[in-house]
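# Structural overview for review
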Amino acid sequence: MNLGKLALKSVYSNASLTTRFALHSLVCISIMTVALWFIVSNYLINQILDREWRTTAQIVRADVRKFLEEYDFKAQDRKSVGPKFAALLEHMRLAPEIIRFRVYNPKAIVIWSDNKQLVGKYFGDNPQLQKALRGNVIADMGERQQSDNAMDGKATSPVVEVYVPIYGENGKELLGVFETYRRPDAIFRAVHEARLVVLLGAVGGGLLLYVSLFAIMHRAARKIAEQQEHLLQMQAELAASQRMALVGEMAAAVAHGIGNPLSSIRAAAQVALLDAEGADGSGQNSKMRENLQSIMQQVDRVQKRMQGLLNFAKPLEPRPSRVEVNSVVREVMETLCARFSDAKVTLDLDLDATSPSVSSDVNQLEQALMVLITNALEATPKGGSVTIRSKASDHNGAGAVVQLSIEDTGEGIPAENRERVFEPFFTTKPHGTGIGLSLAKKFVERNGGTITIANGVNAGTKVEITLPRAA
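Residues numbered from 1 in each chain as written. Predicted model: local features only at pLDDT ≥ 70, side-chain atom pairs only at ≥ 80, totals over all residues. Heavy atoms only, no water.

### Thoughts on the packing of helix α8 (residues 325-343) against helix α9 (residues 362-379)
Convention followed: All axes here are fitted lines through C-alpha atoms, helices being fitted over the stretch that makes contact, and every angle between N-to-C directions spans 0 to 180 degrees. Secondary structure elements follow DSSP: runs of H or I of four or more residues count as helices, runs of E of two or more count as strands, with numbering from the N terminus. Between 65 and 115 degrees an angle is taken as roughly perpendicular, under 35 as roughly parallel, over 145 as roughly antiparallel, and anywhere else as oblique. Note: crossing handedness is left-handed where the near helix turns anticlockwise from the far helix by less than a right angle, and right-handed where it turns clockwise. Working rule for contacts: check all heavy atoms of both residues, and any pair within 4.5 Å makes them a contact.
Packing of α8 against α9 leaves a shortest axis separation of 10 Å and a crossing angle of 25 degrees. In terms of orientation, α8 and α9 fall into the roughly parallel class. Read as a crossing pair, α8 and α9 show a hand that is right-handed. Here Val-328, Val-329, Val-332, Met-333, Thr-335, Leu-336, Arg-339, Phe-340 and Ala-343 of α8 come into contact with α9, specifically with Val-362, Leu-365, Glu-366, Leu-369, Met-370, Ile-373, Thr-374, Leu-377 and Glu-378.

### Structural notes on the packing of aromatic side chains
We apply this condition: Working definition: a ring pair exists when centres of Phe, Tyr or Trp rings (six-membered ring for Trp) sit within 6.5 Å. Plane angles under 30 degrees give stacked, over 60 give edge-to-face, the rest tilted. Think of it in three bands: residues with accessible area under 20% of the maximum for their type are buried, residues over 50% are exposed, and the middle band is partly exposed, with areas taken using a 1.4 Å probe on protein chains only.
Enumeration according to the criterion identifies seven aromatic pairs in this entry. Ring centres of Phe-73 and Phe-178 lie 6.2 Å apart, and the angle between their planes is 65 degrees; this geometry places the pair in the edge-to-face category. Of the two residues, Phe-73 is situated in helix α3 (residues 70-74) and Phe-178 in strand β7 (residues 174-182); the sequence distance between them amounts to 105 residues. By the burial criterion, Phe-73 is buried, and Phe-178 matches it. Seen in terms of ring centroids, Phe-101 and Trp-112 are 5.3 Å apart; in terms of plane orientation they differ by 40 degrees. Their pairing is tilted. Residue Phe-101 is located in strand β1 (residues 98-104), and its partner Trp-112 is located in strand β2 (residues 110-113); the two are separated by 11 residues in the primary sequence. For Phe-101, a relative accessible area of 0% gives the class buried. According to the relative accessible area criterion, Trp-112 is buried, its value standing at 5%.

### Considering the nonpolar core
Just so we agree on the cut-off: The criterion is simple. A nonpolar core is a set of buried Ala, Val, Leu, Ile, Met, Phe, Trp, Tyr and Cys residues joined through side-chain atoms within 4.5 Å.
Membership of the largest hydrophobic core comes to 35 residues, with the highest contact counts inside it found for Leu-369, Ile-373 and Ile-388. Elements with a contribution of two residues or more to this core: α8, α9, β11 (385-393), β12 (401-408), α11 (436-446), β13 (450-455) and β14 (461-468). Once residues within four sequence positions are removed from consideration, Leu-369 is found in contact with Val-328, Val-329, Val-332, Leu-404, Ile-406 and Ile-465. Leu-89, Met-92, Val-160 and Ile-166 belong to the second-largest nonpolar core, a separate cluster that totals 27 residues.

### Side note on a nonpolar patch on the surface
Condition: Residues with no salt bridge and a relative accessible area higher than 30% make up the patches, which join like charges within 9 Å and nonpolar side chains (Val, Leu, Ile, Met, Phe, Trp, Tyr) within 5 Å. In short, Shrake-Rupley with a 1.4 Å probe defines the accessible areas, and a residue's cover is counted only from the protein chains shown. Basic side-chain nitrogens of Lys or Arg form a salt bridge, by our definition, when they fall within 4 Å of a carboxyl oxygen of Asp or Glu.
A cluster of nonpolar side chains, contributed by Met-32, Leu-209, Leu-213 and Ile-216, occupies part of the molecular surface with about 340 Å² of accessible area. In terms of residues, the nonpolar patch owes the most to one element, helix α6 (residues 185-278), which gives three residues. As for its placement among the helices and strands, Leu-213 is situated in helix α6.

### Focus: α9
An α-helical turn contains 3.6 residues, so a residue and the one three or four places further along point in the same direction. The test is simple: Between the first and last residue of a helix there are one fewer steps than residues, each counted as 1.5 Å, and that sum is the expected span.
An ideal rise of 1.5 Å per residue puts 26 Å on 18 residues; α9 measures up with 26 Å between its terminal C-alpha atoms. Restricting attention to buried positions, one finds in α9 the residues Gln-364, Leu-365, Ala-368, Leu-369, Leu-372, Ile-373, Thr-374, Ala-376 and Leu-377.

### Focus: the sheet that holds β7
Note the cut-off: DSSP-based pairing: two strands are paired if at least 2 bridges between them are found.
Strand order in the open sheet made by the five strands is β2-β1-β7-β6-β3, with antiparallel pairing throughout. Among the strands making up the open sheet, the edge pair consists of β2 and β3 (138-140). Put simply, the sheet's adjacent strands are angled 20 degrees from each other on average, direction ignored. Here helix α4 (residues 78-92) sits on the sheet in contact with β1, β2 and β7, set at roughly 150 degrees to β1.

### Some details on the pattern of salt bridges
This structure, assessed with the given rule, holds 13 salt bridges. Ionic pairing is found between Arg-339 and Glu-378, a salt bridge with its closest N-O pair at 3.5 Å. One end of the pair, Arg-339, is in helix α8; the other, Glu-378, is in helix α9, and 39 residues separate them in sequence. Accessibility expressed as a relative area gives 38% for Arg-339, which makes it partly exposed. The salt bridge involving Lys-462 is made with Glu-464; its shortest N-O contact spans 3.3 Å. If you follow the salt bridges from partner to partner, you end up with Glu-90, Arg-93, Arg-100 and Asp-114 in one network.

### Re the sheet that holds β12
The five strands are arranged β9-β11-β12-β14-β13 in an open sheet whose pairing can be described as mixed. In this open sheet, the two strands that pair with only one neighbour each are β9 (346-351) and β13. Averaged over all pairs of adjacent strands, the angle between their axes in this sheet comes to 15 degrees, without regard to strand direction. Sheet topology places β11 next to β12; eight bridges connect them, and they run antiparallel. Each residue of the ladder has a partner; that of Ser-390, found in β12, is Leu-404. Here α9 sits on the sheet and contacts β11, β12, β13 and β14; the angle it forms with β12, its principal contact strand, is near 25 degrees.

### Comments concerning the pairing of β2
Where β1 lies against β2, three bridges are found, and the strand directions are antiparallel. Note on β2: the bridge partner recorded for Tyr-104 is Val-110. Counting the residues in the hairpin turn of β1 and β2 gives five residues, including Ala-108, whose phi is positive at 65 degrees.

### Let's talk about the confidence of the model for the protein chain
We apply this condition: Predictor confidence is given residue by residue as pLDDT, running from a minimum of 0 to a maximum of 100.
Of all residues in the protein chain, 83% attain a pLDDT of 70 or more, and the chain-wide mean is 80. Taken as a whole, residues 147-155 scores under 50 in pLDDT and shows 13 contacts with residues more than four places along the chain or in a different chain.

The following block contains the structure:
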């Protein structure tokens, strides 16, 4: 038992906010529905019964005025007035609900009954009769059963006893009390229908309230989840900004600390190279020139890495202008044409001549394309190809944009790395820095575009860029 309670408590504590609210609201609305049904049905039933008893009293009094006189209640010779009461009973039995009646005088003594053995008996201990003698119409709906003759032992049937006080013509003198026996079938049927109608109304209202509250809560929970996701995203961006600020400080310190010595090293190597070129062309001088050129290339490479690190840590604000994407692609390809030839990789350009101009910083767009195309070239084996396409698109109704795709025929990016390729300093290359794709993504997004990575048609990688159309 304790294990079951612990398991239920664990499941409840791990449930979502929407699930817990659904359970709480279901319990509360169920209790409210039952309480509402009980209160309203009891009130309605009391109103129905009160109307029934008053209607019965009006019918009895009208028939009494029609068949009896005040003397008939006070006569000492009961046999002389007996036929009148019998005629009244036969008349009242014409109504299917009324079975019989019994008449009491103001002293609670039976003065007439179809059961002659009851005439003259005293019923002062009957609480309902005492209330009726005080002028109230009283109904007894207890599970009492009466036969057509209370003393004959015949089969019995359930009845409702209605006590109706009868007054004289002046309306003040109490002549007696009629104890009328009614069949309860119609009354019980009306009560049952009233309970059923109220129950259906209460259940329908409760269900409607539950569905409405659940819909509101579901929408609120979804909004809270969106806000939490947005908050987590903002926290991640804040942490990234803090990391970038730290990287910027480190990059500035490194650039300041080794920038000038590197410039001095390159200048000294360049001067030594000039001296070596002026000397004789011996093999020793040739080897020296190659070493000096290698020193200059490595210095240029380090300076380029440092500049890329500085640009990544604190990129310049974009200066958007009208840019022809196809022209920028061709300019980048002119720079990389020699590398494509050396790598024996084919370049396929499928540029839409009708593509409109885009709004972007041309320098940042050129740097982003340089990184992406270089990565595609390095990922493509000999004999492979890199395809660059451009076209105008509506981009799912978000507005006119230009789509640019760069697709290679390499091995592709593993699924576990695809979400991380844009993270700073993440790289799978032996000599990579991990800032190229991050910098390209930042340049594209700063100019209002988007960048995504997907699988290529030929198992390679496809990078898609969307840039907003110039106004």
